[in-house]
Amino acid sequence: MAVFAILDRERTVAPPDYNRWRVPPAALAVHLSIGQVYAFSVFNIPLSHAIGITTSAPSDWSLSTIGWVFSVAIVFLGVSAALFGSWLERVGPREAMFTSALCLSGGFFVGAAGIAFHQFWLLLLGYGVLGGIGLGIGYISPVSTLIKWFPDRPGMATGLAIMGFGGGAMIASPLSVKLMEHFRTPTSTGVTETFVALGVIYLLYMMFGVFTVRLPAPGWAPPGMSVRASTGATKSAAPHDVDVSSAVRTPQFWLLWIMLCLNVTAGIGVLGQASAMIQEMFPGVITVSAAAGFVGLLSLANMGGRFAWSSLSDYIGRRATYATFFALGAVLYAAIPSVGRAGSIAPFVLCYVVILSMYGGGFATIPAYLRDMFGTMQVGAIHGRLLTAWSTAGVCGPVLVNYIREYRIAHGVAKADAYGLTMYVMAGLLVVGFIANSRMRPVDAKYHFRVAEEGAR
Amino acid sequence: MSNDRGSKGWLALVVAWTVVGVPTLWGVAQTVLKSLALFK
């Protein structure tokens, strides 16, 4: 349809004098919106009181049932990023962002209907499935575009966007609380209306990204830099570009998959348990509100680390950055039980701040690492496939932390000491990641994309 | 000087960064205020 022609890849190409610094805000608008998913927990209690309003009625959903909504959304994030990566490379960032916006806001609207009619399957289908697809497409949409605009600083550029994903929850959490307070009545928790309002807000906000994103013209290069032909929106490929189907057959892809999975497993497990962990390791010293402050501090470290570490990787290299994550992370995890036993809160908090900064840094640095290995031609699609490591870690991390803790407590270990073994296991995982990173070598020439191959297809 | 490097281009740049910067700073400020409880 002609009305959708504006979304075409060709209509997205920027004029030669376009200021590339106008592109990161487009990417940020999308990532700040989809980062909302990490604030979903603010709906847990109100959703569990949807019928009873002030307390849970027998027909209300339980917290464990509601927990499935977030889990399904994260699973669909990984699945859709993997499935739609090649489509994204074909249609360009604008159409992909537009689709992401429709899915995310549509997910809110369908979810709102599910809450209004108290149909859990509808909430799961809306926010979990439809919204999750919006998250996956939105997450990978701007990555390859930013790498093409910033070939001189790909780590900084993608870090900026992915930092938005970390920051999205910081906006969504207080915003959702304020909206629920506004819409709450004696007969309603206000969640349905809040879902509708968020659907409208995020649709409009993401449309800002949709209509401001631009692709660089073919052959474009930043001033003073000569880049390979593939940096532009061109079909020709430089000698070391690798297409997505070849990339997933290389050992480098699977080494990166393992590295991302282990880095995320180590971080996500403690992130979900941070509040309980600090209260149990310092009983009587850390209050509930202080523990909430600790979680907030970790969120800031997670967000700041995304920009800081990925920017640093442009100077010291991706391999050295990941080596730092794994080596320093292993040392810090191994030190935490001793620091906790010593009763020193400040070093304990500092250890976690650095660990969570590296957790975020791992997410933000991986697209630039992929670009170093596989070129820019299909880096968005390859990134999408790699995000299945995130979905895997999203299940493994919390399970590992919870299982070890419960096993230890069941065997008579005090709550304050129950996390010690977990920390050593996490340190071990990071040592494995360090070894995987040290095995990283340039991709074999047999996987390199050749223009003649494209013509033969 | 072409349009994008001219005053309109710079205005578009400022507007774009403001659109994403203001909500981000608000969210970060809310989180910083929450974090202060740890140091009390």
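Residues numbered from 1 in each chain as written. Chains lettered and ligands numbered in written order. Predicted model: local features only at pLDDT ≥ 70, side-chain atom pairs only at ≥ 80, totals over all residues.

*Asks:* Any chance you could explain the overall build of chain A here in plain terms?
*Replies:* Per the secondary structure count, chain A includes 17 helices and zero strands. For chain A, the C-alpha radius of gyration of 22 Å lies close to 23 Å, the compact-globule estimate for 457 residues. Its C-alpha atoms give chain A principal-axis dimensions of roughly 65 × 50 × 35 Å. Residues classed as buried in chain A amount to 56% of the 457 residues present. (Helix = DSSP H or I, 4+ residues; strand = E, 2+ residues; numbered from the N terminus. Rg over C-alpha atoms; globule rule 2.2 N^0.38 Å. Buried ≥ 20, exposed ≤ 12 C-beta atoms within 10 Å, placed from the backbone.)

*Asks:* How should the nonpolar core be read in this particular structure?
*Replies:* What tends to happen in soluble globular proteins is that the nonpolar side chains get buried as a cluster. All names here are of chain A. Judged by nonpolar contacts, the single largest core of 153 residues is most densely connected at Leu260, Tyr333 and Leu430. Both domains that furnish three or more residues to this core are identified here as domain 1 (21-215) and domain 2 (244-447). Leaving out residues up to four positions away in the same chain, tyrosine 333 has contacts with Ala266, Ile355, Met423, Met426, Ala427 and Leu430. (Core = buried A, V, L, I, M, F, W, Y, C linked by C-beta atoms within 7 Å. Domains from an automatic or database assignment. Contact = placed C-beta atoms within 7 Å.)

*Asks:* Please explain the packing of helix 12 (residues 318-341) of chain A against helix 16 (residues 420-438) of chain A as it appears in this structure.
*Replies:* Angle between the axes and distance between the axes are the two parameters that describe a pair of packed helices. Residue and element names in this part refer to chain A. Closest axis-to-axis distance for the helix 12/helix 16 pair is 8 Å, and the angle between their directions is 160°. When the interaxial angle is binned, helix 12 and helix 16 end up roughly antiparallel. The handedness of the crossing between helix 12 and helix 16 is left-handed. Contact with helix 12, carried on its side by Arg319, Tyr322, Ala323, Phe326, Ala327, Gly329, Ala330, Tyr333, Ala334, Ile336 and Pro337, involves Gly420, Met423, Tyr424, Met426, Ala427, Leu430, Val431, Gly433, Phe434 and Asn437 of helix 16 and no other residues of that element. Broken down by class, the residue content of the contact of helix 12 with helix 16 amounts to 16 nonpolar, four polar and one charged. (Axes fitted to C-alpha atoms, helices over the stretch in contact; angles between N-to-C directions. Parallel < 35°, antiparallel > 145°, perpendicular 65-115°, else oblique. Left-handed = near helix turned anticlockwise from the far one by under 90°. Nonpolar A, V, L, I, M, F, W, Y, C, P; charged D, E, K, R; others polar.)

*Asks:* Honestly, the interface of chain B and chain A in this entry has me stumped. Any pointers?
*Replies:* Reports often express the size of an interface as the amount of accessible area lost when the parts come together. The interface is formed by 23 residues belonging to chain B together with 25 residues belonging to chain A. Broken down by class, the residue content of the side of chain B that touches chain A amounts to 13 nonpolar, seven polar and three charged.

*Asks:* Could you clarify how one ought to interpret the domain arrangement of chain A in this entry?
*Replies:* Residues and elements named next belong to chain A. Along its sequence, chain A is organised into domain 1 (21-215) and domain 2 (244-447). Contacts between the two partners involve 28 residues from domain 1, matched on the other side by 30 residues from domain 2. Those elements giving two or more residues to the side of domain 1 that touches domain 2 turn out to be helix 3 (63-91), helix 6 (143-149) and helix 7 (154-183). If you tally residues by element for the side of domain 1 that touches domain 2, the top one is helix 7, at twelve residues.

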